[in-house]
Amino acid sequence: MAGLEGRLRGFFVELIRVAVTRLPRDVYEALERALEAEDSPVARRQLEAMLENARLAARLGRPLCQDTGTPLFYLRVGDGFPLRSRLYDVAAEAVREATRAVPLRPNAVDPLRGVNSGDNTGRYVPWVEVELVPGDGLEAVFVAKGGGSEAPTRLAMALPLRGLRAVRETVLRAVAEAGPKPCPPFVVGVGIAAGGDQALALAKRAALLRPLGSRHPDPEAARLEEELLEEVNRLGLGPHGFGGRVTALGLHIEYGFRHPATYAVGVVFSCWALRRASGVFGPDGSWRITSEHI
Amino acid sequence: MSRVYRLSTPLSGDEVRRLEAGDTVYLSGLVFTARDAAHRRIIEILESGGELPFPTRGLAVYHAGPVARRRGDGGWEILAAGPTTSARMEPVEPDFIRLTGVRMVIGKGGMGPGTAEACRRYGAVYAVFTGGAAVLAAQAVEKVEAVYWLEELGMAEAVWLLRVRDFGPLTVVIDTWGRNLYDEVMARVRERLEELLGGTGDSGRGS
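First, a word on what this report is: a plain description of the structure on this page. A quick note: this is a predicted structure, and the numbers were derived from the prediction, not measured. (Residues numbered from 1 in each chain as written. Chains lettered and ligands numbered in written order. Predicted model: local features only at pLDDT ≥ 70, side-chain atom pairs only at ≥ 80, totals over all residues. Heavy atoms only, no water.)

The next thing to look at is the overall build of chain A. When you go through chain A residue by residue, the secondary structure sums to eight helices and nine strands. Whereas a compact globule of 294 residues would reach a radius of gyration of roughly 19 Å, chain A reaches 19 Å, a difference of no more than 12%. Projecting the C-alpha coordinates of chain A onto the three principal axes gives extents of approximately 55 × 50 × 40 Å. Evaluated residue by residue, chain A yields a buried proportion of 56% over its 294 residues. The long-range fraction of contacts in chain A, counting pairs at least 24 apart against all pairs at least 6 apart in sequence, stands at 80%. Total accessible area on chain A is roughly 11900 Å²; 53% of this is exposed by carbon and sulfur atoms. (Helix = DSSP H or I, 4+ residues; strand = E, 2+ residues; numbered from the N terminus. Rg over C-alpha atoms; globule rule 2.2 N^0.38 Å. Buried < 20%, exposed > 50% of the residue type's maximum accessible area, 1.4 Å probe, protein only. Contact = heavy atoms within 4.5 Å. Areas by Shrake-Rupley, 256 points an atom, 1.4 Å probe, with all protein chains shown as cover.)

Tallying secondary structure elements over chain B gives seven helices and nine strands in all. Taking the principal axes of the C-alpha coordinates as reference, chain B spans close to 70 × 35 × 30 Å. Here chain B, with 207 residues, has 58% of them falling under the buried criterion. Put simply, of all contacts in chain B between residues at least 6 apart along the chain, 63% involve residues at least 24 apart. A total of about 8400 Å² of accessible surface is found on chain B, and carbon and sulfur atoms cover 47% of it. In chain B, 25 side chains carry a positive charge and 27 a negative one; their mean positions are 3 Å apart. (Lys, Arg positive; Asp, Glu negative; His and termini not counted. Charge placed at Lys NZ, Arg CZ, Asp CG, Glu CD.)

A separate point is the sheet that holds strand S5 (residues 186–193) of chain A. Residue and element names in this part refer to chain A. One open sheet holds the four strands; their spatial order is S4-S7-S5-S6, and the pairing between them is mixed. Looking at strand neighbours, the two that pair on one side only are strand S4 (154–157) and strand S6 (248–255), the edges of this open sheet. Geometrically, the sheet is characterised by an average inter-axis angle of 15° between neighbouring strands, direction not taken into account. The sheet contact formed by S5 and S6 spans seven bridges and is parallel. By the bridge assignment, Val 190 is partnered in S6 with Ile 253. (Pairing = 2+ DSSP bridges. Axes fitted to C-alpha atoms, helices over the stretch in contact; angles between N-to-C directions.)

Among the nonpolar cores identified, the biggest contains 60 residues, and Leu 27 and Met 104 of chain B are the most heavily contacted of them. By residue number, the principal contributor to this core is helix H3 (residues 41–60) of chain A, which donates seven residues. For Met 104 of chain B, the residues in contact, after removing those within four places along its chain, are Leu 11, Leu 19, Val 25, Leu 27, Leu 59, Ala 60, Val 61, Ala 124, Val 125, Ala 127 and Leu 170 of chain B. (Core = buried A, V, L, I, M, F, W, Y, C linked by side-chain atoms within 4.5 Å.)

Among the structural elements, Val 18 of chain A can be located in helix H1 (residues 2–21). Taking the C-alpha atoms as reference points, Val 18 of chain A and Ala 58 of chain A, 40 residues apart in sequence, are found 8.8 Å from one another.

What follows is about the packing of aromatic side chains. Under the defined criterion, the tally for this structure stands at 16 aromatic pairs over all chains. When the ring of Phe 54 of chain B is compared with that of Trp 149 of chain B, the centres are 5.7 Å apart and the planes differ by 70°; the resulting orientation is edge-to-face. With a gap of 95 residues between them, Phe 54 of chain B in the loop between helix H2 (36–47) and strand S3 (60–62) and Trp 149 of chain B in the loop between strand S8 (141–148) and helix H6 (150–157) connect regions that are remote in the sequence. Geometrically, the ring pair formed by Tyr 62 of chain B and Phe 167 of chain B is edge-to-face, given 5.1 Å between the ring centres and 65° between the ring planes. Of the two residues, Tyr 62 of chain B is situated in strand S3 and Phe 167 of chain B in strand S9 (residues 159–174); the sequence distance between them amounts to 105 residues. As far as the burial class goes, Tyr 62 of chain B and Phe 167 of chain B line up, both buried. An aromatic cluster is built from Phe 11, Phe 12, Phe 73, Phe 81, Phe 142, Phe 281 and Trp 287 of chain A, whose rings are joined through pairwise contacts. Stacked on the ring of Tyr 26 of chain B, the Lys or Arg Arg 6 of chain B has its end atom at 4.7 Å from the ring centre. Geometry around Trp 149 of chain B places Arg 41 of chain B over its ring, the cationic atom sitting 4.7 Å from the centre. (Phe/Tyr/Trp six-rings, centres within 6.5 Å; stacked < 30°, edge-to-face > 60°. Lys NZ or Arg CZ within 6 Å of the ring centre and 35° of its normal.)

Contact with chain A, which involves 43 residues of that partner, is made by 47 residues of chain B. Where chain A abuts chain B, roughly 3800 Å² becomes buried across the two surfaces, and 61% of that area is made up of carbon and sulfur atoms. In this structure, the connection of chain A to chain B is made through two salt bridges. At the boundary of chain A and chain B, one finds 15 residue pairs in polar contact (both at pLDDT 80 or more). Looking at the side of chain A that touches chain B, the elements that each hand over two or more residues are H3, helix H6 (163–178) and helix H8 (219–234) of chain A. Of all the elements, H3 of chain A adds the most residues to the side of chain A that touches chain B, at eleven residues. Among the residues making up the side of chain A that touches chain B, the classes are represented as 20 nonpolar, eight polar and 15 charged. (Buried area = accessible area lost by both parts, 1.4 Å probe. Salt bridge = Lys/Arg side-chain N within 4 Å of Asp/Glu carboxyl O. Polar contact = N/O pair within 3.5 Å; in protein donor to acceptor, adjacent residues only side chain to side chain. Nonpolar A, V, L, I, M, F, W, Y, C, P; charged D, E, K, R; others polar.)

Here's what the structure looks like:
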């Protein structure tokens with residue numbers, strides 16, 4: 001079992017390294033499409049700098065951004081996976097190792113004492129979400145979530161009477177208030193659910209996990225995604241807030257059923273440097289990275 | 001608008017007054033980093049009549065906390081050095097510009113009216129480097145000339161005196177003429193927001 005645990009730790013460390021140093025291919029291609037769409041020289045220079053930075057980081061194996069974020073693990077764990085209760089500890093060990101090896105900037109701070117743990121771990125850090133699925137393997141997504149893009153997060157406990165009108169207003173106002181701070185062109189995640197925590201959790205998954213260019217399987221949600229993305233881009237904030245056609249690379253909605261008396265709307269942003277990597281790990285300790293990166 | 005300049009420090013007042021909001025600059029020469037703690041310390045020293053161990057006049061201050069690695073020969077290498085959020089320095093930046101004589105403040109996210117007034121009065125500009133482009137920034141560092149207060153302030157907060165070459169693209173956001181590009185873009189964004197929310201009424205999809 002110890003050997004298997006070591007292999008799982010090694011898998012997690014590699015996921016972290018890939019996520020932090022190499023931009024996912026879907027994000028890189030979305031930035032390239034944004035460059036084709038922009039004609040203002042200022043907007044174009046921002047996008048060119050982002051693309052060049054992504055190529056340099058991949059070639060040199062260095063973190064894309066000096067803010068290497070808060071570590072998030074999204075795990076789909078098989079019923080028969082052998083290390084179920086050890087996942088949290090192994091994830092934390094991997095983050096400590098990656099902090100030295102990649103390296104990552106230490107970002108975990110005790111909110112009561114103001115002390116930085118120095119190794120990117122602490123109470124609830126890394127954040128680990130586990131979903132149980134059939135099988136005996138494990139699927140993992142690691143995301144490094146930057147602080148600048150987390151600050152403009154919004155939650156509205158909307159009037160059920162206003163419904164989708166409240167969704168639209170919450171999203172557009174959140175983007176306008178965020179301005180250049182979350183490093184646009186960003187990805188907007190929208191969550192709708194019964195509770196505030198649920199809406200924000202779904203919004204975070206929508207922003208970070210959904211591939212760019214994908215549409216929600218529900219046709220009504222998909223149509224709303226397209227309409228809202230178009231309206232967000234009509235605001236004209238543009239690359240890095242200098243004005244332009246492309247404010248958001250994508251807008252994704254995830255929803256859960258609400259309560260008759262509530263209509264919670266969460267909005268979560270990812271900066272253009274969307275750092276995620278995914279992979280699979282088998283019960284025999286074999287693993288591979290499944291996401292594509294530049 | 002939106003001209004491209006290649007400039008070298010020390011910058012003269014005339015060079016800086018030629019720049020307008022929206023222009024792009026690639027900067028060469030000496031640049032020093034300073035975040036919250038270094039700003040406070042630099043101002044304290046200069047206000048009490050002391051001298052700084054590094055030059056500032058005509059140079060650029062960069063709001064950044066780099067990730068640096070010591071090389072085998074004892075020198076330093078900058079691995080990642082993207083800009084940090086400038087707004088944190090807004091309360092002290094006017095005094096900082098007055099006392100140090102910097103001609104350019106570089107960061108991200110924008111600064112407020114105090115900095116804009118100091119830029120106008122003392123002949124300086126605020127320019128933004130693309131957020132998150134930390135490796136691109138590090139590649140422009142030719143040499144780490146020196147690091148100051150590393151023991152006391154730590155790697156991110158220390159003052160790094162860097163020799164840079166074609167550091168950019170830097171976009172001028174606040175010029176010496178009172179323009180603030182982010183204020184202009186954000187005013188248009190708010191107008192369009194009100195058009196979108198007010199102009200057509202509800203989306204018609206709520207029923």
